[in-house]
Amino acid sequence: MVDISILGQRYEVPEGLTILKALEWSGFQMTRGVGCRGGFCGACGTVYRLSNDHKLYYALACQTVIKAGMILGEIPFFPAQRPAYKLENLEASGEALIGLYPEILKCFGCNTCSKACPQGIDVLNVMSAVIRGDLPSAAEASFDCIACGLCVARCPSDNVPPNVSLLVRRLYGKYLSPPAGHLRYRLQELEGGSYKAEINGLKSAPLTELRQQYAVRQIEE
Amino acid sequence: MSYPAEMKESIAKVEASRPARQHQAFPKLDPQEREDILRTYHPDYISGAFREIRVGPNKGDRAPHELANALEAEPLLIRDGFSLKKIVQQEPDAKCDVLVIGGGGAGASAALLAQENGAEVLISTKLRFGDANTMMAQGGIQAADKDNDSPALHYLDVMGGGAFACDPDLVEALVMDAPKVIAWLESLGVMFDKEPDGTMRTIHGGGTSRKRMHAARDYTGAEIMRVLRDEVRSRAGEPIPIRVWEFRPAVELLLDEKNRIAGAVLKDLDTSRLMIVHARAVIIASGGSGRLHYQGFPTTNHYGATGDGLVLAYRVGARLSFIDTMQYHPTGAAYPEQILGQLVTEKVRGLGAQVCNADGEQFVYPLETRDVEAAAFIRECTERSKGVVTSTGQMGVWLDAPLIDLLRGPGTIAAELPAMVRQFNRFGIDLAHEPILVYPTLHYQNGGVSIRPDAGTSIPGLFVAGEASGGIHGRNRLMGNSLLDICVFGRRAGMAAALLAKDIAPGNPHLAHLDEWEHLRREAGLEEGQASPILLPDYTRKTSLVLLRHPSIEEEVAGHFKSN
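Colleague: Even after reading the chapter, I still don't get the pairing of strand β5 (residues 70-74) of chain A, so can you show me in this structure?
Modeller: Look at any regular strand and the pattern is simple: side chains alternate between the two faces of the sheet. All names here are of chain A. Residues Met 70, Leu 72 and Glu 74 line the buried face of β5, whereas the alternating positions Ile 71 and Gly 73 sit on a face that is not buried. Here strand β1 (residues 2-6) pairs with β5 via 2 bridges, running parallel. Note that in β5 the partner of Ser 5 across the bridge is Ile 71. As defined by bridge partners, strand β3 (residues 45-50) adjoins β5 across 5 bridges and the pair is classed as antiparallel. Bridging from a neighbouring strand, Leu 50 pairs with Met 70 of β5.

Colleague: How should the nonpolar core be read in this particular structure?
Modeller: All names here are of chain B. In terms of nonpolar packing, the biggest core is built from 234 residues, with Val 98, Val 282, Ile 283, Ala 465 and Ala 497 touching the most fellow members. The element that contributes the greatest number of residues to this core is helix α17 (residues 481-502), accounting for 12 residues. Residue contacts for Val 282: discarding those within four places in its chain leaves Leu 99, Ile 101, Leu 253, Ile 261, Gly 263, Ala 264, Gly 461 and Leu 462.

Colleague: How should I be thinking about the packing of helix α8 (residues 151-161) of chain B against helix α9 (residues 168-187) of chain B in this particular structure?
Modeller: The axes of two packed helices give the description: the angle between them and the distance between them. Residue and element names in this part refer to chain B. Put simply, α8 and α9 touch, their axes get as near as 9 Å, and they point 140 degrees apart. It follows from the interaxial angle that α8 and α9 lie oblique. Crossing of α8 over α9 shows right-handed handedness. Every residue of α9 that contacts α8 at Pro 151, His 154, Tyr 155, Val 158 and Met 159 is listed here: Val 171, Glu 172, Leu 174, Val 175, Met 176 and Ala 178.

Colleague: What am I meant to see in helix α6 (residues 105-116) of chain B here?
Modeller: Residue and element names in this part refer to chain B. The terminal C-alpha atoms of α6, which comprises 12 residues, lie 17 Å apart, in line with the 16 Å expected from a rise of 1.5 Å per residue. Most of α6 is tucked away: 11 of the 12 residues are buried. Taken together, the buried positions of α6 are occupied by Gly 105, Ala 106, Gly 107, Ala 108, Ser 109, Ala 110, Ala 111, Leu 112, Leu 113, Ala 114 and Gln 115. The first or second residue beyond α6 is Gly 118, which carries a positive phi of 95 degrees.

Colleague: Can you walk me through the domain arrangement of chain A in this structure?
Modeller: Quite often, the size of an interface is put as the accessible area lost when its parts meet. One can read the domain layout of chain A as domain 1 (2-74), domain 2 (88-176) and domain 3 (181-216). Centre-to-centre, using C-alpha coordinates, domain 2 of chain A lies 43 Å away from domain 3 of chain A.

Rules behind the numbers
- Residues numbered from 1 in each chain as written.
- Chains lettered and ligands numbered in written order.
- Predicted model: local features only at pLDDT ≥ 70, side-chain atom pairs only at ≥ 80, totals over all residues.
- Buried ≥ 20, exposed ≤ 12 C-beta atoms within 10 Å, placed from the backbone.
- Helix = DSSP H or I, 4+ residues; strand = E, 2+ residues; numbered from the N terminus.
- Pairing = 2+ DSSP bridges.
- Core = buried A, V, L, I, M, F, W, Y, C linked by C-beta atoms within 7 Å.
- Contact = placed C-beta atoms within 7 Å.
- Axes fitted to C-alpha atoms, helices over the stretch in contact; angles between N-to-C directions.
- Parallel < 35°, antiparallel > 145°, perpendicular 65-115°, else oblique.
- Left-handed = near helix turned anticlockwise from the far one by under 90°.
- Expected span 1.5 Å × (residues − 1).
- Domains from an automatic or database assignment.

Take a look at the structure:
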């Protein structure tokens, strides 16, 4: 068993539990601060200190194993600005982003955001790329963001990197990444009524014939 | 952390056989072998895990104990002693054209299309908007959009994968809408993996005859979810807006005097207050039920996946289909203990990883459909005793991930599977150089509320989309058809609900169906006890005082905690 502190209260919990399971073991029925339990949704951003250590540490509660002496504080909600926009009325440029999020320019490069990121994203690098107008780099480097909001809580310039980078990626996906030609072609075919007859044939085929067709179908190498 | 010595011995055998295996394809099972292995080893065929439902539209049908219990249970509102008459007399907290229950991919898609078709929409969801299985789907989304592929081939794959039990009209809708859905997502800014010329990078999934799995690294569902969510938020300020309420799950549906859907009763989880919403149409998009832990299995599912939508629809008379079949994903993490049951995406096998037993031998074609693949893992670990057993007693087989970089070049794993690399790295396991231990985990509710191709149900005004619906996938869903189905039927539900809402004059909402429900329960001799919807699983450790009050739950709780 190890001693931890939750919201300032001491609890004894078995070794090896994740922070989330340690909370539940201690009797907390979670509603906020819990989500997918698999490291994908960003609901369980947590800050902690260790006894006799001045440093502040960051974690996802569902992905981090407890250590003795952890002093835990989960962050169930943190306000973050998101200006109104319509993707179709924006252009994919650094100016458009700075227009919506002018505080980006107040970033002075302290790098606290990167240190806070439980995904290991170089958040400062993402924000710098946005300021430079290099949207492809910003989209690429921020892709694994799960929007836990720990960087938002820590930014001394009031920035919201998850919202900024989400918009960057949407702009990149819509305007900068090359469109899929084969997809356009297939859509035209479907609009022209292709495949309808073939599907109808399969729908009305006797089960034995359908099974047979399935069994002998060619598998692409 | 890495692996303990006894597991490393087995890993050495996997490494030793790797150079030879690299060029060996294990043969696929023939139809008879598939049938046999399912009947003998798949959890759906363990008859003791199922029982007959004793009340409601599916009376007499078979379902897992856990689901049957939830369906038959006393309504929460009655258990908590509310006056049903007073609830319905209360001034509504909101009125809207279309109420969407659930804030995952299906709910977001439905809300967008309903709004585009002129409906004022309210999304009400149990946790945060986007807290859903959609967010956790890693591997990809299917669509037949390449030269060598066709919707007809996709249709055949879906039917065969679902044991030919799928509803043909629903499958037609699924495969014919698929290319349109990919184009829609692309236009909303989803960053699909592409070649420099724009060609989608697609691979196989289990049971596909063509490489039609589109992906966004191994965050495909997360990428789709965050884009759809952002688009919904973009429409908060429209003249006809979409509103979003979080932490307010629906606990009951309202009907009007003609027994059409008239809205819902919600419960605010922060304040415990009940809230009334009057709506002309309701779309249930509340997902699956993995958190009911059928047969004690761990699950890949989101914390909120407790089958609430099935319960609500069932109590207003909607019929459920295929609720006796669940999908066990073959590759749930079996080590380390901290991530037991969490998803290891099928994309790992799609990229070329093979499956090996404790002796480093292949024993199954890696891309059989999920039901067959899972059954083969169970057979290897039980009847053949060739699984690996961890120090906590968990069985598993090896998924030989390092093979991917051998086959496709160094760096492929890092580029294609960043979420998986990160997940295992947190526990000191290097996916690029070490195999990982896997065992089947509860993944997907194959069935649900029976729907038509427009996502409508037998109850006027009630639509269902996503995992809560039943019939599309028959008895087994293929990888990549769930992200597809939430978009296809979410969109269809949104459109149909908006059109219906235009033509309806609102009636007087009531909860009289609950009185009728209680009457039926008494007739069937059902006792008080569990109430539903379940809303949230309870993983708290029960203290001795609680056990003094309910000594019988001790065993159940122990099992529950283990499977958590």
